[in-house]
Structures are given as C-alpha cells and as structure tokens.
Amino acid sequence: QVQLAESGGGLVQPGGSLRLSCVASGTIFDINSTGWYRQATGKQRELVATISSDGRTNYTTSVKGRFTISREYNKKTVYLQMNSLRPEDTAVYYCTVDAWARGSDRYRPYWGQGTQVTVSS
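**Q** What is the right way to look at the environment of glutamine 113 in this model?
**A** One can find glutamine 113 in the loop between strand 10 (108-111) and strand 11 (115-119). Counting along the chain gives 93 residues from glutamine 113 to leucine 20, while the straight-line C-alpha distance between them is 13 Å. Ignoring sequence-local partners within four residues, the contact set of glutamine 113 consists of Leu4, Glu6 and Tyr94.

**Q** Sorry if this is basic, but what is going on with unusual backbone geometry here?
**A** Residues other than glycine predominantly adopt negative phi, and peptide bonds predominantly adopt the trans conformation. Positive phi is not limited to glycine here, since serine 84 has a value of about 50°. Tracing the backbone through its elements, the reader meets serine 84 in the loop between strand 8 (77-82) and strand 9 (91-101). Looking at serine 84, the relative accessible area reads 39%, which means it is partly exposed.

**Q** Whenever I open this one, the nonpolar core confuses me. Can you help?
**A** The nonpolar side chains of a soluble globular protein tend to be buried with one another. One finds Trp36, Leu80, Met82 and Tyr93 to be the most contacted residues of the largest nonpolar core, which totals 30 residues. When residues in this core are grouped by element, the largest group, 6 residues, is from strand 9.

**Q** Just checking my understanding: could you explain the sheet that holds strand 8 for this structure?
**A** Note on sheets: strands pair through backbone hydrogen bonds, and any given pair is parallel or antiparallel. Across the sheet, 4 strands lie side by side as 1-3-8-7; this open sheet has antiparallel pairing. Two strands lie at the open edges of the sheet, namely strand 1 (2-7) and strand 7 (67-72), each paired on one side alone. Direction aside, the axes of adjacent strands within the sheet are offset by 15° on average. For strand 3 (residues 18-26) and strand 8, the ladder comprises 6 bridges, and the chain directions are antiparallel. Paired with leucine 18 across the two strands is methionine 82, which belongs to strand 8.

**Q** Hey, could you run me through the packing of aromatic side chains in this one?
**A** For any pair of aromatic rings, geometry is given as the distance between the ring centres together with the angle between the planes. Scanning the entire structure with this criterion turns up 3 aromatic pairs. Ring geometry for tyrosine 37 and tryptophan 111: centres 5.1 Å apart, planes at 65°, overall edge-to-face. You can see tyrosine 37 sitting in strand 4 (residues 28-39) and its partner tryptophan 111 sitting in strand 10, a full 74 residues away along the chain. On the basis of relative accessible area, tyrosine 37 is assigned to the partly exposed category, the value being 24%. Using a relative accessible area of 37% as the deciding quantity, one classes tryptophan 111 as partly exposed. Measuring from ring centre to ring centre gives 6.3 Å for tryptophan 100 and tyrosine 107, while their planes differ by 50°; the resulting arrangement is tilted. Taken together, the ring pairs in this structure connect Phe29, Trp100 and Tyr107 into an aromatic cluster. Seen from the ring of tyrosine 79, arginine 19 lies directly overhead, with NZ or CZ sitting 3.9 Å from the centre. Residue placement shows arginine 108 over the ring face of tyrosine 110; its charged tip is 4.3 Å from the ring centre.

The rules behind each value
Residues numbered from 1 in each chain as written. Predicted model: local features only at pLDDT ≥ 70, side-chain atom pairs only at ≥ 80, totals over all residues. Heavy atoms only, no water. Helix = DSSP H or I, 4+ residues; strand = E, 2+ residues; numbered from the N terminus. Contact = heavy atoms within 4.5 Å. Buried < 20%, exposed > 50% of the residue type's maximum accessible area, 1.4 Å probe, protein only. Core = buried A, V, L, I, M, F, W, Y, C linked by side-chain atoms within 4.5 Å. Pairing = 2+ DSSP bridges. Axes fitted to C-alpha atoms, helices over the stretch in contact; angles between N-to-C directions. Phe/Tyr/Trp six-rings, centres within 6.5 Å; stacked < 30°, edge-to-face > 60°. Lys NZ or Arg CZ within 6 Å of the ring centre and 35° of its normal.

Here's what the structure looks like:
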C-alpha cells in the first residue's frame, strides 16, 4: 500500500503564497507521474498540475504562471508552489501519484486525504 501525506494548506490573503507538500510512503518500487488536483465546494475535482517522471509539467490554464509543481524523486515528495493566490483558488487540494508498489503488479493511482487552501481577506 501507498500512503500520501499532504501538508502546507491554510488561510492566506489574496496575492499571497503557499507551498503544498506531499510525501509518499510505503514499499514503492517506482513512481511514474505525480500531480495535484483540487475540489471547491459544490464543484467537481479538477486537475491543477502534473509532473511526469522525466520532469515534463502540465498546468490547468487558470494557474499557469502562478503555480509551480516540482518533485524530489528520492524523497518521494511532490510540491506545489502557489503564488499570487486568488479567492477562486480556494479548494481542497489533493495529491496523487501513479506508482508501482508492493501488493500490485502494475502502476496504479493513489490519492491523499487532501489539504484545505482558503484564499480570503
């Protein structure tokens, strides 16, 4: 099994910054892509950013130029640096990894429990 622990969420004023972290634990043989999703109240979960095993990144349009996803492979950690935050960024942010772990014969997605980000004055 794989466990994901997210941290770094909180309350921030518009224009402020937060850095989310997600650490994967368990007997993990390899991690393919990793990413962040978010879900605002009353809305569907949406992709925020992903990073592939070779470092290619992808962002949803609304966060381009403001958010940066990065990862430390050996530490099994993925980050989301969020700058110039807006009220519409308010949501629960979820980390996900596509990993091959003990107990499975293939890569599969794993999800964290989520961390709340609230942007408000």
